[in-house]
Amino acid sequence: MPDFRLRVFQAVARHLSFTRAAQELYITQPAITKHIRELERTYGQRLFERRGNRISLTEAGTLLLSHADEVELLHQMLTEKLHQLHGEAAGRLRLGASTTLSQYVLPAVLPGFRHRYPQVELTLLNGNSEQIAEAILAGQLDLGFVEGRSKSQDLHYEPLLDDELVAVRRATAAGPPALPVPLSEALACPLVLRERGSGTLEVLEFALREQKIKLASLHVAFYFDNTEAIKTYLEAAPEALGFVSRRALTRELAAGLLEEVPIRGLRLPRQFEALWVQGQPLTRPAERFLRHVQGVITSGNSV
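These remarks concern the structure in this document. (Residues numbered from 1 in each chain as written. Predicted model: local features only at pLDDT ≥ 70, side-chain atom pairs only at ≥ 80, totals over all residues. Heavy atoms only, no water.)

Side note on unusual backbone geometry
Then step 1. Not every positive phi belongs to a glycine, and L16 is a case in point at roughly 50°.
Then step 2. With a relative accessible area of 40%, L16 lands in the partly exposed category.
Then step 3. The residue K212 is not glycine, and still its phi comes out positive at about 60°.
Then step 4. Looking at the secondary structure, you find K212 in the loop between α9 (199-210) and β8 (220-224). (Buried < 20%, exposed > 50% of the residue type's maximum accessible area, 1.4 Å probe, protein only. Helix = DSSP H or I, 4+ residues; strand = E, 2+ residues; numbered from the N terminus.)

If you want it as structure tokens, here you go:
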């Protein structure tokens, strides 16, 4: 098994943040600092330059990172081959998913996979679609799950599940509109949207562009980096309107906290997709996980 200190070092180098590395590895920040200092004493080299609250890799750190990545890959290959002798799937599986998927779709799928393949060490990175694609291309993830319209020629996309964005607002005494409201009326409200780089915003922006409406011309009250924040904001702002995945609204609609606002001439369908590097085969754990997710979707359970 590779030195755990190398995993700590890789996490810090990936995020350029001791805090975010601690969050990823579920250990304290002082523990992160301790492991990095031990590595620096072992190799007699400074691995990071510290300038105020920012850090960057030194030349020695860059060299160590390339070799640490090779060690991790070799360990993964060895683990897979050893377990293949018994027909098992094992090793480390680094998953990444955009916010809607990581919060509302994948959590229900993960327990079944862990029960079936207990030897696979799972990690899940949450980010927007653009961040997940970048992490896949950088070799930081084995398999990603995103939504949106943009595609990279360097990535392979496999459709998984249909979804739809809907306009929502705080529930009113009168209830949802009986008829779809005009688009101009809906867009006159203060809007609460996802941040740039998210698949949710991209789908909305593309649909508005077809109506010859620019996002910059709208009254946007806030951009949030997660759906939960949008829903909480809407519950406290009766005048605001947000666009959220229908899959993220089950509890709020049932509890009467939010209500859907149909908009005339605006439909926002989208598709969730799995992605990995074009032309590269999936690792055995990644392939098993993808098939597991597809099986759950086909059976209609938990998604």
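Focus: the packing of helix α1 (residues 4-15) against helix α2 (residues 18-25)
Then step 1. Between α1 and α2, the shortest axis-to-axis distance is 8 Å and the interhelical angle comes to 130°. Considered as vectors, α1 and α2 are oriented oblique to each other. Relative to α2, α1 is oriented so that their crossing is right-handed. Contact residues: α1 offers R7, V8, A11, V12, R14 and H15, while α2 offers F18, R20, A21, E24 and L25.
Then step 2. Here the residues of the contact of α1 with α2 sort into 6 nonpolar, 1 polar and 4 charged. (Axes fitted to C-alpha atoms, helices over the stretch in contact; angles between N-to-C directions. Parallel < 35°, antiparallel > 145°, perpendicular 65-115°, else oblique. Left-handed = near helix turned anticlockwise from the far one by under 90°. Contact = heavy atoms within 4.5 Å. Nonpolar A, V, L, I, M, F, W, Y, C, P; charged D, E, K, R; others polar.)

Some words on the layout of surface pockets
Then step 1. Taken as a whole, the second largest pocket encloses approximately 490 Å³ of empty space.
Then step 2. Lining the second largest pocket are 19 residues; nearest its centre among them are Q23, E24, L25, L124 and L125.
Then step 3. Put simply, the parts of the chain that give the lining of the second largest pocket at least two residues each are α1, α2, β3 (91-97) and β4 (120-126).
Then step 4. The element that contributes the greatest number of residues to the lining of the second largest pocket is β4, accounting for 6 residues. (1 Å grid on protein atoms, 1.4 Å probe; cavity = no way out; pocket = protein on both sides within 12 Å on 5 of 7 lines; lining within 4 Å. Points joined across faces, edges and corners; volume = space filled by probe spheres on them.)

Digging into empty space enclosed by the protein
If a probe the size of a water molecule is rolled over the atoms, the empty space left behind becomes visible.
Then step 1. Summed over all chains, the structure comprises 1 cavity of 30 Å³ or more.
Then step 2. As a volume, the largest cavity reaches approximately 40 Å³.
Then step 3. Lining the largest cavity, in full, are L101, V105, L106, F145, L160, L161, F272, V293 and I297.
Then step 4. Contributions of two or more residues to the lining of the largest cavity are made by β6 (155-170) and α12 (284-299).
Then step 5. Looking at side-chain class alone, the lining of the largest cavity contains 9 nonpolar, no polar and no charged residues.

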